[in-house]
Amino acid sequence: MFPTLTLEVSPQIPSKLGRLAELANNLFFSWHRPTRALFEELSPSLWGQVRGNPKQLLRCLDQEALDAAAADAGYCARYAEVLAAFDEYVKSPPLEGAPVVAYFCAEYGFNHGFPIYSGGLGILAGDHCKAASDERLNFTGVGLLYGQGYFIQVVDSDGVQHAEYKDHDPRDLPVEPVRDADGRWISVQVPIAGRQVVTRLWRTAVGRISVILLDTNCPENAPADRDITHRLYGGDDAMRIRQEMVLGIGGVRALRAIGLKPAVWHMNEGHAAFLVLERLREEIAAGLELDVAIEAVAAQNAFTTHTPVAAGHDAFHHELLLVHFGDFVRELDMPIDRFLALGAAPSNHGMFNMTRLALNGSRYVNGVSRLHGKVSSRLCADHWSEVRPDDNPVGYVTNGVHVPTFLHQKWSEYFDETVGPQWREKLSDTATWKVLDRVSDRAFWSSGQAVKADMLGCVRERLRREYVRKGQSLAQWQHVAKNLDPARPDVLTIGFARRFATYKRASLIMRDRARLARIVNNPDRPVVFLFAGKAHPADQPGQEVLREIKQVSLQPEFIGKIVFLEDYDIQLARWLVSGCDIWLNNPIAPLEASGTSGIKAAINGRLNLSVLDGWWAEASDGLNGWGIPPVDVQDQGRRDVLEAELILDTIEEEAAPLYYSRGEGGCPHDWVQRSKRAMVTVIPAFNMRRTVADYARGIYQPAAAQGLRLAAHEYAGARALSDWKKRVHKAWPRVVARAVSVPTRSHPRNERLRMRVAVQLGGLDPKDLRVEFIARRVLPETSRETVALASYREPLHARDWREPLHATDEVEPDGAVIYALDAPTVACGQFQGAIRVFPSHELLTHPYELGLMKWMQNG
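Reading the values: the criteria
- Residues numbered from 1 in each chain as written.
- Predicted model: local features only at pLDDT ≥ 70, side-chain atom pairs only at ≥ 80, totals over all residues.
- Heavy atoms only, no water.
- Pairing = 2+ DSSP bridges.
- Helix = DSSP H or I, 4+ residues; strand = E, 2+ residues; numbered from the N terminus.
- Phe/Tyr/Trp six-rings, centres within 6.5 Å; stacked < 30°, edge-to-face > 60°.
- Buried < 20%, exposed > 50% of the residue type's maximum accessible area, 1.4 Å probe, protein only.
- Lys NZ or Arg CZ within 6 Å of the ring centre and 35° of its normal.
- Contact = heavy atoms within 4.5 Å.
- Expected span 1.5 Å × (residues − 1).
- Axes fitted to C-alpha atoms, helices over the stretch in contact; angles between N-to-C directions.

J.: Can you walk me through the sheet that holds strand β22 (residues 753–760) in this structure?
T.: Think of a sheet as strands paired side by side through backbone hydrogen bonds, with each pair either parallel or antiparallel. On the basis of which strands lie adjacent, the open sheet formed by seven strands has the order β21-β22-β25-β24-β23-β26-β27 and antiparallel pairing. Two strands lie at the open edges of the sheet, namely β21 (736–741) and β27 (854–855), each paired on one side alone. The pairing of strand β26 (residues 830–839) with β27 spans two bridges and is classified as antiparallel. If you follow Val837 over to β27, its bridge partner there is Lys854.

J.: It is not clear to me how the packing of aromatic side chains should be interpreted in this structure. Could you clarify?
T.: Aromatic rings considered in pairs are described by the distance between their centres and by the relative angle of their planes. Applying the stated criterion across every chain yields a total of 39 aromatic pairs. Ring centres 6.0 Å apart and planes at 65° place the aromatic pair Trp423 and Trp433 in the edge-to-face group. With Trp423 in the loop between α17 (409–418) and α18 (430–433) and Trp433 in helix α18, this residue pair connects regions lying ten residues apart in the sequence. Exposure remark for Trp423: the relative accessible area of 2% places this residue in the buried category. A connected cluster of aromatic rings, assembled from ring pairs, spans Trp411, Tyr414, Phe415, Trp423, Trp433 and Phe444. One Lys or Arg, Lys854, reaches over the ring of Trp732 and ends 5.1 Å from the middle of that ring.

J.: Quick question: what am I supposed to make of the environment of Leu280 here?
T.: Within the element layout of this structure, Leu280 appears in helix α10 (residues 274–285). The exposure class of Leu280 is buried, given its relative accessible area of 2%. Leu280 sits 145 residues away from Glu135 along the chain, and the two C-alpha atoms are 31 Å apart. Apart from the residues lying within four places of it in its own chain, the contact partners of Leu280 are Leu290, Ala293, Ile294, Val297, Leu332 and Leu342.

J.: Is there a simple way to think about helix α27 (residues 669–685) in this case?
T.: Because an α-helix completes one turn every 3.6 residues, residues spaced three or four positions apart along the sequence face the same direction. Under the 1.5 Å per step criterion, the end-to-end length of α27 is 25 Å for 17 residues, consistent within 8% with the ideal 24 Å. Here α27 lies mainly inside the structure; 13 of its 17 residues are buried.

J.: Quick question: what am I supposed to make of unusual backbone geometry here?
T.: The general pattern is negative phi for most residues beyond glycine and trans for most peptide bonds. Cis geometry is found at the peptide bond from Ala589 to Pro590, where omega equals 5°. Its place among the elements puts Pro590 in the loop between β18 (582–585) and α24 (597–603). Note the cis peptide between Leu779 and Pro780, where omega equals -10°. Mapped onto the elements, Pro780 comes out in the loop between β23 (769–779) and β24 (801–811). Despite not being glycine, Asp333 shows a phi value in the positive range, around 55°.

J.: For this particular structure, what's the right way to read the sheet that holds strand β16 (residues 527–532)?
T.: Taken in spatial order, the six strands line up as β17-β16-β15-β18-β19-β20 in an open sheet, and their pairing is parallel. Of all strands in the sheet, those bounded by a partner on one side alone are β17 (562–565) and β20 (625–628). Across the sheet, the mean angle from the axis of one strand to that of its neighbour is 20°, orientation sign disregarded. Examined bridge by bridge, β18 and strand β19 (residues 607–611) share four bridges and lie parallel to one another. Pairing of Leu584 across the sheet is with Leu609, part of β19. Across the sheet, helix α26 (residues 636–659) is in contact with β15 (492–497), β16, β18, β19 and β20; its angle to β20 comes to roughly 165°. Helix-sheet contacts for α27 involve β15, β18, β19 and β20, and the interaxial angle to β19 is about 75°.

Next comes the structure, spelled out in structure tokens:
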């Protein structure tokens, strides 16, 4: 090799195929199989070498291949069909009245050839953008264009993970510089530690929508600043804070530079929370007082948290923060203590917490599953200190996946034949998918086995390339890959692939290795496990888990039965979720915020075997997979032993016998019934279009409307709300409620419910408070489980008995105002109730957003 010079000779695309470059530059290809097929057909071998990257393929392809394609009538016809589908899709305008949404995330997983993601958060963000395009939202994403992205994983024979990095040429990525009307590359400046860091704008097209990516690798910047967008999640806290300043502050300035005026600002995790500060700076510069600016900004902001433990939230030492924000704080003209208070967490003194900044700067907050919403409401409960966690503003929208991206092509074709081609536009229609209950078991099984054979062939070849690259013998590879035979896809295959964080317990089933060996080597019912996943380079405990799995896989009794596949990425994920018979997930509950890999498996008819956590706690019905209830013990070691035992019990006593119970033609009919059930229940409920529609209805549209309300008439609403909140906070310590008369325990159904309460107003007006009777029926028992999929689907407290008490003209000698209730009873039974008092104003986004609430004192 000649290391000093790289010479690239690129072909000329024939005019008949002139729009291939346009197709390569829109991530529509990442979920539209016919588009990808156009590129793969040009050179299947080169397509594999460039890892499915159409831009790089077009630059390195032989001229003869392009000329032959242009002369091939069949290829030209397919090209025309793809263009027609592409044009019909991308030229549809946003829905009328859709608010402009800006979506900020530190990573995006669109395609394995576009490495600006590390794991689930990025894949989710990529799917969110794709579904926003499908749903025709007026939507723009904002992120960072990393020079190297996340690391490339190499695992040696001892199980030691090695992190390698590769610089990516923007010419190989589906991005283009954003230019102004005069053709100049648009850039913005971000003030960081006394310097103005130049940040260039790139645009990537995702179907109908765009994502703006920021890059500091500019010649105007010092070397240290050029490195800010070098590696995803790389470096120390100083590097992390700079990246997040570029994302949050630079992202807002980038949108302004291209003339965008979002009505909604969505922070997908706390990495982007510095956008709150930039939005405050804008409003203060326009003449608003700080408190008024906070109301105006927060009304338009939404914050999605994905982290179920406080330790996972980004936090920076005050000293580090002020070094980086000195000039910014001076421009805000804000006292230092007030600035630091925006990120203050009661349990994290001396630190600026990004989640707290997002909470202070947002009126819409959500977790990513029903269970995670509960966990997050408790985790953030002290932010609304007097409000019960169940009542505070933290809601949830359960995650979904982008079905066209992760559904195997063979299943797409099968659905075209059995469900009808309209299935793509009826993903959330439950009735559409019930057709699968009536299709032939044998035909369904045959399709699934063909998908599995594809997976086995791809995994086997990937493993072969790994052995060749490492200089290991093909005999070793054949020994390891002996059960990965696409010609014999009849061995029960269980997959586990995800980030190797310790709470995910990747090696849990290896606690009882003797029993595991017996299961995988059962001559009548053999089992193969496929593992894949990366541990962060700084996560030593996670790397130890990976090392254990790799070392176990090389023990004689497990060779070929436990296989570790290195360098987990989107491509490998798509193969595994489509082809593994069972998808294993065993996190420590309730630490799995949502998880989506299991959804991807289920839409491909694969069965989840998972601890009941995250999305699976909502989806599992006992017939569409296996749900493992979390063991309630204090000792963590005993918990792991018991849950590992439950998983192995399920595999050995239920799953394997069911899989190997074959009927006519080798079809396991009972297994197929579960597979169909997985598709029928999961596709309509957990597709990303449903998720994005819930965001649109429950968050985006209300946030846009609330922002307009507070901004109207030169921010009269924001000023009124700010002034009212100040008055309430000042008076609140003097507000007291006490009982005057309450009903007896026994209350006839035909009598009205009457009660009287005296409230010391502390200088407030009666209309400033809501005095409310609230009760929940305990006998007969009623389900207290909140609605699945999104908390925004039902009114707040829809299942509670709530009645307001109204202020009367009566005043007690101590000045307390009498509030009275006179209302019919709603039902018979035993109720537990109370009287509560909380501030109330028509301009509040959430009735309890002040976090102030008092309960009536008896007597």
